[in-house]
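Structural overview
The primary structure of each chain is shown beneath.
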Amino acid sequence: MTTHYASTRGGQQGVSASQAILQGLASDGGLFVPEVFPEIALDFDKLKEQSYQEIALLIMKAFYSDFSEKELIACIEAAYDEKFDTPTIAPVKKVGTDYYLELFHGPTLAFKDMALSILPYLMTTAAKKNQSTNELVILTATSGDTGKAAMEGFADVENTKIIVFYPKEGVSKIQEQQMRTQKGDNTFVVAVNGNFDDAQTRVKEMFNDTTLRDELAANQKQFSSANSINIGRLIPQVVYYVYAYAQLVKENELKNGQAMDISVPTGNFGNILAGYYAKKLGVPIGKLICASNQNNVLTDFFTNGTYDRNREFYVTSSPSMDILISSNLERLLYEVSNQSATVTKQLMDDLTSKGSYALDDTLRKGLADFLVAYATDEQTQDAIQRVFDQERYVIDPHTAVAKHALDQMTQLENPALIVSTASPYKFPESVVRAFDEVKQVENEFDWVTSLYEETHLTIPPAVKTLFESPILHDRVIPVDDMLACVKEILNLD
Ligand SMILES: *Cc1c(COP(=O)(O)O)cnc(C)c1O
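Residues numbered from 1 in each chain as written. Predicted model: local features only at pLDDT ≥ 70, side-chain atom pairs only at ≥ 80, totals over all residues. Heavy atoms only, no water.

This part covers the UniProt feature "domain: Tryptophan synthase beta chain-like PALP" (unreviewed entry) in the protein chain. As annotated by UniProt and renumbered to match this structure, "domain: Tryptophan synthase beta chain-like PALP" (unreviewed entry) occupies residues 93–419. The span residues 93–419 is 46% helical and 19% strand by assignment, and the distance between its end C-alpha atoms comes to 11 Å. (UniProt positions renumbered as here; feature names shortened; annotations may be inferred. Helix = DSSP H or I, 4+ residues; strand = E, 2+ residues; numbered from the N terminus.)

Put into structure tokens, the structure is as follows:
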């Protein structure tokens, strides 16, 4: 069975997986989705004995069907190796009555590593398969975690460049330090005076700018995306839901076939959409809890059927979720409209022109698998403190948002899996504040030390060396200069 991809807005069809990965965004601004959803036999009594890498191969073979098995194995083995600090790659921890799926054991301490450690290999393999000799220019807007994880993956990868834009005031100090110390001659980090949505909108505009596209082509270059709109990021995220379920069956925490609910801290809607895809494939997932912070545009959307981005933007203690336009929701709209590109395109056009769109009752029925809740910063802190006090387990603010949301769902009876998306050491100040609200420190690294003193959680080696590494990037620009900045970096004009 071959899986072909089409744009959610109808402008492209019959696209191979490798072309879709190379292209990133479809030419009409839509997102690539499978034309026919692949069927995979999931026998959890067998899968429970398989490694993360073996399960990755099973899933990717079906979705990336124009890659050979040999090519996929090479990508998977290069991605999921010792750069993860545990051989299980994505461990599931039982904490009280909850299960946490720890997705932060990769090099940049957040779940973006799960997909971004493999994306460069998928992309360079895809380029070879399509006889493309163009230099790939990865253009990415980041709310803090994607940028670092993408650069870590693409640093010094031949015939690629990566340009990352982040909101100057919208990321944690650790995230900023991680990005500004990034090595690799092909990496470029730019702070912008604006928020994540401003940056992401400009990046999307550049992708859709046909003049720019031609100019790049004339210089043997082409853009691609490392954001979660790329199907090359989404499918690797399906893997850990299959793996987590298999582990819970293996540990006799779940009977094979028994449903589990999942709670996912959500921003761009990539992670939870991967959970939805996993459910479509047959993983016994009950409800998907979409957990938001104060930027609760998704809470409102699932509650009343109207998506409205015209609202105040908040900088919160879970910055990787400070987003008002959740791009991957477009893929869900496509599913709930029975794969209708016409309906999806209309909704997206409304979003562009009015900043909002509304679903009719039929479409809203398709959202029944989802439950929603959001956490304020105060509720986030409470969750961190409560879990530590009761269980001696430390969670980061993003994971705490998911824990808070789950705890609102008193009607649920299935075992629940909380998707844990970052190491507490990536956001040490916010975590320490949950224990000691008035704490003051001399410099940023002291937050790391205080977190250790509070919890005795082992400090990851990558954090220890962070503040000794030289700063290699210092560009700061207004959002409106992003295009000019890209041209300067690429020597265009
Ligand atoms: C990116 C990110 C999220 C949000 O994930 P989406 O796929 O964008 O919904 C949550 N937590 C952390 C730590 C992240 O880096």
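On we go from here.
Around the ligand lies a shell of 15 residues, among which Lys112, Asp145, Gly267, Asn268 and Asn271 are the nearest. Glycine 267 places a main-chain nitrogen or oxygen 2.8 Å from an oxygen atom of the ligand. One of the backbone nitrogen or oxygen atoms of asparagine 268 is found 2.7 Å away from an oxygen atom of the ligand. With the chains in place, 98% of the 380 Å² that the ligand exposes on its own is no longer accessible. (Near = heavy atom within 4 Å. Polar contact = N/O pair within 3.5 Å; in protein donor to acceptor, adjacent residues only side chain to side chain. Areas by Shrake-Rupley, 256 points an atom, 1.4 Å probe, with all protein chains shown as cover.)

Moving on to the side chain of glutamine 175. Inspection of the secondary structure assignment puts glutamine 175 in helix H8 (residues 173–180). Relative accessible area serves as the criterion here: at 0%, glutamine 175 is assigned to the buried category. Discounting residues that sit within four places of it in the chain, glutamine 175 has contacts with Ser143, Gly144, Asp145, Pro319, Ser320, Lys426 and Phe427. (Buried < 20%, exposed > 50% of the residue type's maximum accessible area, 1.4 Å probe, protein only. Contact = heavy atoms within 4.5 Å.)

Our next topic: the environment of tyrosine 52. Relative to the helices and strands, tyrosine 52 is located in helix H3 (residues 52–63). Each C-alpha atom, one on tyrosine 52 and one on isoleucine 418, is 19 Å from the other, the two residues being 366 residues apart in sequence. Setting aside residues no more than four positions away along its own chain, tyrosine 52 makes contact with Tyr80, Thr88, Ile89, Ala90, Met114, Pro236, Val239, Tyr240 and Tyr243.

Now for the pairing of strand S7 (residues 187–193). Burial within S7 is extensive, with six of its seven residues counted as buried. Sheet topology note: the strand S6 (residues 160–167)/S7 ladder contains six bridges and is parallel. From the neighbouring strand, isoleucine 162 faces S7, where its bridge partner is threonine 187. After leaving S6, the chain enters H8 and then returns to the sheet as S7, a path that is right-handed. Pairing analysis gives four bridges linking S7 to strand S15 (residues 475–478), with the strands arranged parallel. For valine 190, the partnering residue across the bridge sits in S15 and is arginine 475. (Pairing = 2+ DSSP bridges. Right-handed = clockwise from strand over helix to strand, strands pointing away.)

On to the layout of surface pockets. Considering only enclosed or pocket space, the largest pocket measures out at about 450 Å³ in volume. Taken together, 20 residues line the largest pocket, and the ones lying closest to its centre are Thr201, Lys204, Ile325, Leu351 and Thr352. When contributions to the lining of the largest pocket are tallied by element, the ones reaching two or more residues are helix H9 (196–208), helix H14 (329–336) and helix H15 (341–354). It is H9 that contributes the most residues to the lining of the largest pocket, five residues altogether. (1 Å grid on protein atoms, 1.4 Å probe; cavity = no way out; pocket = protein on both sides within 12 Å on 5 of 7 lines; lining within 4 Å. Points joined across faces, edges and corners; volume = space filled by probe spheres on them.)

Our focus in this paragraph is empty space enclosed by the protein. Using the criterion set out here, one finds three cavities of 30 Å³ or more in the structure. Surrounding the largest cavity, 26 residues form its lining, Phe111, Lys112, Gly267, Asn268 and Ser320 being those nearest its centre. The set of elements that each furnish at least two residues to the lining of the largest cavity consists of helix H7 (145–154), helix H11 (231–250) and helix H12 (270–281). Ranked by residues supplied to the lining of the largest cavity, first place goes to H12 with three residues. Looking at the lining of the largest cavity, its residues break down into nine nonpolar, 14 polar and three charged. (Nonpolar A, V, L, I, M, F, W, Y, C, P; charged D, E, K, R; others polar.)

Since the α-helix advances by 3.6 residues per turn, residues separated by three or four positions end up pointing in the same direction. With nine of ten residues buried, H7 is to be regarded as a mostly interior element. Listing the buried residues of H7 in full gives Asp145, Thr146, Gly147, Lys148, Ala149, Ala150, Met151, Gly153 and Phe154. Positioned one or two residues after H7, aspartate 156 has a phi angle of 60°, which is positive.

Sheets are built from strands paired through backbone hydrogen bonds, the pairs being either parallel or antiparallel. Spatial ordering of the open sheet is given by S8-S5-S6-S7-S15, a layout of five strands whose pairing is parallel. The open sheet is flanked by strand S8 (221–224) and S15, the only strands paired with a single partner. Strand-to-strand twist in this sheet, taken as the mean axis angle between neighbours without regard to direction, amounts to 25°. Across the sheet, H9 is in contact with strand S5 (135–141), S6, S7 and S8; its angle to S5 comes to roughly 150°. Across the sheet, helix H22 (residues 482–489) touches S5, S6, S7, S8 and S15, and the angle it forms with S15 is around 140°. (Axes fitted to C-alpha atoms, helices over the stretch in contact; angles between N-to-C directions.)

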